[in-house]
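Listed here are the chains, written in short residue letters.
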2 protein chains.
Amino acid sequence: MEIKVMKKILEASEKKAEEIREDLRKRGVLFLNLMSSPGSGKTTLIERTVRELPHLKFAVIEGDIQTTLDARRMANLGVQTYQINTGPFGGDCHLEAPWIATALSEMNLEGVDILFVENIGNLVCPAEFDIGAHFNVVVLSVTEGEDKPLKYPLAFRVSQLALVSKTDLLPYLDVSLERIVQNIKAVNPAMEIFPLSAKTGDGFDPWLEFLQERRKSLSSSL
Amino acid sequence: MEIKVMKKILEASEKKAEEIREDLRKRGVLFLNLMSSPGSGKTTLIERTVRELPHLKFAVIEGDIQTTLDARRMANLGVQTYQINTGPFGGDCHLEAPWIATALSEMNLEGVDILFVENIGNLVCPAEFDIGAHFNVVVLSVTEGEDKPLKYPLAFRVSQLALVSKTDLLPYLDVSLERIVQNIKAVNPAMEIFPLSAKTGDGFDPWLEFLQERRKSLSSSL
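Residues numbered from 1 in each chain as written. Chains lettered and ligands numbered in written order. Predicted model: local features only at pLDDT ≥ 70, side-chain atom pairs only at ≥ 80, totals over all residues. Heavy atoms only, no water.

K.L.:
I'm lost on the overall build of chain A in this one. Help?
P.N.:
In terms of regular secondary structure, chain A is built from eight helices and seven strands. Radius of gyration (C-alpha) of chain A: 17 Å, near the 17 Å computed for a compact globule of 222 residues. Projected onto its principal axes, the C-alpha coordinates of chain A cover approximately 50 × 45 × 35 Å. Within chain A, the fraction of its 222 residues that count as buried is 59%. At a minimum sequence separation of 6, the contacts of chain A that also span at least 24 residues come to 74%. (Helix = DSSP H or I, 4+ residues; strand = E, 2+ residues; numbered from the N terminus. Rg over C-alpha atoms; globule rule 2.2 N^0.38 Å. Buried < 20%, exposed > 50% of the residue type's maximum accessible area, 1.4 Å probe, protein only. Contact = heavy atoms within 4.5 Å.)

Rendered as structure tokens:
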């Protein structure tokens, strides 16, 4: 009985995810779901991305258990931002498609090229929920060490793109970028991997090209 | 009906946590539950702690979704280690008291002074579950930024001690240790906070003293 209810909820959530994906495709809005541990640099990454692509219009949904710190950073950039707070006491550790649908219904997507969802900082739970993104992007800071793809494989299995962030810190760490890449490939051989630093801008070009190309091919499939 | 079942499970789990805490106190085993984001350096921290206190006997329970990478690092140190893997596909994002009880029943605690549980790398879910520790310890790497205590407050509220790790990287980050400490105090004014580096050993003395004193006062309360 209980399992039946659970299944219905999951099915409804998956159906909603498909609807979001298709609706945004039709509208020409490229939707990327950014997942990572806390403090991998997702917000800084989005900030630099927005600044580097001034000809594109961005919107952001910020997922946090609480606070609007990241949303305020986005608003300072002049980016339309919607905050989802999952609750003051522990709260939910992930976002779900129905909440994204509600957020989208309250946002103005007119002319928006790229939508980022900054998922809750958590390398486990968000990976279990399809929120309707065209691309799942896992962000892994080099400071987190080499073994994380092996220890938290689901986030890497369900993502199409991995951004290995904070590469400017590599000289000060006992960490090999090559081994991080190897471990990602071991879990997901098809993964596109861009090592980069949102602080220095190093390695940013392939990521910016990826965004522009995928945005373009989304439009051409209308 | 469902809520009733949930409550029973939670109550059973909390009762088990109290039993573990009291049982280990009687046996003179100081139990610390280490919680953090992935890659905060929990394993390296335990490694250095074990090496720095050769007159104490340690045991470790490693919580991971999958892999035995950390358990092997502990075994290499000659430390009795028990691995809990919560599942191959996403798995559970936290440990619970009944699993700790099972682990303890299968371990040899004869002469053990300090038990570390290295909880699953996740700053959200583990904080919701009392696993019977005498001290909850939240580990926060300086690379995660200043705002994490505000964004993930529960882990900081339920902990008595915060270890601010990887301080050797501070010169290369736009992060103020003072503001990290302020933000921790804002969430939990009673928190003891030790900034340290498991790589250089900097700031390790207060942590080692804390362990030895608390181990001693546990024995004297027998």
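K.L.:
Quick question: what am I supposed to make of helix α7 (residues 177–187) of chain B here?
P.N.:
Because an α-helix packs 3.6 residues into every turn, residues spaced three or four apart end up facing the same way. All names here are of chain B. Along α7, the residues classified as buried are I180, N183, I184 and V187. For α7, the angular spread of buried residues about the axis comes to 100 degrees, placing them on one side. The exposed residues of α7 that point more than 90 degrees off its buried face are E178 and A186. Where α7 is buried, its residues meet β5 (135–141), α5 (148–151), α6 (153–157), β6 (161–165) and β7 (192–195). (Arc of directions from axis to C-beta.)

K.L.:
What's the story with the sheet that holds strand β3 (residues 80–85) of chain B in this structure? I'm lost.
P.N.:
Working definition: the strands of a sheet are paired by backbone hydrogen bonds and lie parallel or antiparallel to each other. Residue and element names in this part refer to chain B. The seven strands are arranged β3-β2-β4-β1-β5-β6-β7 in an open sheet whose pairing can be described as parallel. Sheet topology places β3 and β7 at the edges, where each strand pairs with a single neighbour. Each strand of the sheet is rotated relative to its neighbour by a mean of 20 degrees, with strand direction disregarded. As judged from the six bridges shared by strand β2 (residues 58–64) and β3, these two strands associate in the parallel manner. Counterpart to V60 in the pairing with β3 is T81. (Pairing = 2+ DSSP bridges. Axes fitted to C-alpha atoms, helices over the stretch in contact; angles between N-to-C directions.)

K.L.:
Sorry, what's going on with the environment of D92 of chain A here?
P.N.:
Residue and element names in this part refer to chain A. Among the structural elements, D92 can be located in the loop between β3 (80–85) and α4 (97–106). When its relative accessible area of 33% is taken as the criterion, D92 is described as partly exposed. Each C-alpha atom of the pair D92 and I65 lies 6.8 Å from the other, and the pair is 27 residues apart in sequence. Contact partners of D92, with chain neighbours within four places excluded, come to I65, T86, W99 and I120.

K.L.:
Would you mind going over the sheet that holds strand β1 (residues 30–36) of chain A with me for this structure?
P.N.:
Residues and elements named next belong to chain A. Taken together, seven strands build an open sheet; the order of strands is β3-β2-β4-β1-β5-β6-β7 and the sheet is parallel. This sheet does not close on itself; its edge strands, each paired only once, are β3 and β7 (192–195). In this sheet, adjacent strand axes meet at a mean angle of 20 degrees when their direction is disregarded. The pairing of β1 with strand β5 (residues 135–141) spans five bridges and is classified as parallel. Paired with L34 across the strands is V137, a residue of β5.

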